[in-house]
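Architecture at a glance
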Amino acid sequence: MLHKSTLRRNPVLLYFSFGLALLGYAILVFGILFRGAIQPISATLLWLLLDGLAAWTAYSEGGNYLLAAGYTVGCLVAALATVYVGRVSFQKSDVWIAGLVVACVMVWYGAGNLAGLVASSLAVFIAGLPALILYWRRPQDGLMSVWTIYTMANAVGLYGGWLKGSTVENLVFPVFAVSGSLIGMILIARKYLPGYAMQGE
């Protein structure tokens, strides 16, 4: 059953997390448009579906959906920016990310909104593992500003969700999101360690 009063019951912090998520993607979109950054279009669209499913199922359960909604909008704009500049690329990991999307839809269809929310939130974390592996090997490839903002957005969304109520629909997405972004931020931060530049050569 759809909770039509969800927006009215969200604390201000949840809207703040939405804005921070958009800010992180705004920096990424700027890089795509003006700095030559490459964002695989297929992966972006798959992330869009995963985040969108998490946002919808959380909303349908009357839960904390604004953080996932922010990432959904950000993915959409990033995809449009990638198409606009014509730098469309694909990665091997896109195949199993697509499998995650299909699995989440099946769980959602078969077991309902709450199970779909848990599955899509976990899938978002798993889909980020290739990036974390890359940053473990090459931290210099990561944008510290973007991942710091993502971590802030996720942390604020987690705290706001906890204030809204310690339930699965309020906490599961930000828990997985903050775990992934915090790990990514720590891995990227290694490039600022003294002497790392020489070691990475």
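It should be noted that the structure appears before, not after, this text.
Here is what the cut-offs are and how they apply
Residues numbered from 1 in each chain as written. Predicted model: local features only at pLDDT ≥ 70, side-chain atom pairs only at ≥ 80, totals over all residues. Heavy atoms only, no water. Core = buried A, V, L, I, M, F, W, Y, C linked by side-chain atoms within 4.5 Å. Buried < 20%, exposed > 50% of the residue type's maximum accessible area, 1.4 Å probe, protein only. Helix = DSSP H or I, 4+ residues; strand = E, 2+ residues; numbered from the N terminus. Contact = heavy atoms within 4.5 Å. Axes fitted to C-alpha atoms, helices over the stretch in contact; angles between N-to-C directions. Parallel < 35°, antiparallel > 145°, perpendicular 65-115°, else oblique. Left-handed = near helix turned anticlockwise from the far one by under 90°. Nonpolar A, V, L, I, M, F, W, Y, C, P; charged D, E, K, R; others polar. Phe/Tyr/Trp six-rings, centres within 6.5 Å; stacked < 30°, edge-to-face > 60°. Expected span 1.5 Å × (residues − 1).

This brings us to the nonpolar core. Soluble globular proteins tend to pack their nonpolar side chains together in the buried interior. Counting 48 residues, the largest nonpolar core has Tyr 25, Leu 50, Leu 67, Tyr 71, Trp 147 and Phe 173 as the members making the most contacts within it. Among the secondary structure elements, those contributing two or more residues to this core are helix 2 (12-34), helix 3 (41-60), helix 4 (66-85), helix 5 (93-111), helix 6 (113-127), helix 7 (129-137), helix 8 (144-164) and helix 9 (168-189). When sequence neighbours within four positions are dropped, the list of residues in contact with Trp 147 reads Leu 132, Tyr 135, Gly 180, Ser 181, Gly 184, Met 185 and Ile 188.

This paragraph deals with the packing of helix 3 against helix 4. Between helix 3 and helix 4, whose axes approach to 8 Å, the crossing angle comes to 160°. It follows from the interaxial angle that helix 3 and helix 4 lie roughly antiparallel. Of the two possible hands of crossing, helix 3 and helix 4 adopt the one that is left-handed. Seen from helix 3, the contacting residues are Ile 41, Thr 44, Leu 45, Trp 47, Leu 48, Asp 51, Gly 52, Ala 54 and Ala 55; seen from helix 4, they are Ala 68, Ala 69, Tyr 71, Thr 72, Cys 75, Leu 76, Ala 78, Ala 79, Thr 82 and Val 83. Its residues placed into classes, the contact of helix 3 with helix 4 shows 14 nonpolar, 4 polar and 1 charged.

Moving on, we get to the packing of helix 3 against helix 6. Following both chains from N to C, one finds helix 3 and helix 6 inclined at 150°, their axes separated by 8 Å at the closest point. The orientation of helix 3 relative to helix 6 falls into the category roughly antiparallel. The crossing of helix 3 and helix 6 is left-handed. The residues of helix 6 that touch helix 3, namely those facing Trp 47, Leu 50, Asp 51, Leu 53, Ala 54, Thr 57, Ala 58 and Ser 60, are Asn 113, Gly 116, Leu 117, Ser 120, Ser 121, Ala 123, Val 124 and Ala 127. For the contact of helix 3 with helix 6, a count of residues per class yields 9 nonpolar, 6 polar and 1 charged.

Attention now goes to the packing of aromatic side chains. Evaluated as defined, the whole model comprises 11 aromatic pairs. Between Trp 56 and Tyr 59, the aromatic rings sit 6.0 Å apart at their centres with planes inclined by 40°, giving tilted as the arrangement. Of this pair, Trp 56 and Tyr 59 both sit in helix 3, 3 residues apart, which is roughly one turn of that helix. Taken together, a centroid distance of 5.9 Å and an interplanar angle of 20° make the contact between Tyr 159 and Trp 162 stacked. A residue pair is termed a helical-turn pair when its members lie 3 or 4 positions apart in one helix, as Tyr 159 and Trp 162 do in helix 8 at 3 residues. Here Tyr 159 falls in the partly exposed class, since its relative accessible area comes to 46%. The class for Trp 162 is partly exposed, based on a relative accessible area of 47%. Each member of the aromatic cluster is reached from another via a ring pair, and the members are Tyr 25, Tyr 71, Tyr 135, Trp 147, Tyr 150 and Phe 173.

Looking at the element boundaries, Ile 32 is found in helix 2. C-alpha of Ile 32 to C-alpha of Thr 82: the two residues are 50 residues apart in sequence and 6.6 Å apart in space. Contact partners of Ile 32, with chain neighbours within four places excluded, come to Ala 37, Gln 39, Ala 78, Ala 81, Thr 82, Val 85 and Arg 87.

Helix length check: helix 6, at 15 residues, gives a terminal C-alpha distance of 20 Å against a target of 21 Å (1.5 Å per residue), a fit within 8%. Among the residues of helix 6, Asn 113, Gly 116, Leu 117, Ala 119, Ser 120, Ser 121, Ala 123, Val 124 and Ala 127 are the ones counted as buried.

Given a rise of 1.5 Å per residue, 20 residues ought to cover 28 Å, and the 28 Å separating the end C-alpha atoms of helix 3 matches this to within 8%. In terms of burial, helix 3 is a largely internal element, 15 of the 20 residues being buried. Note on helix 3: the residue one or two positions beyond its end, Gly 62, has a positive phi of about 70°.

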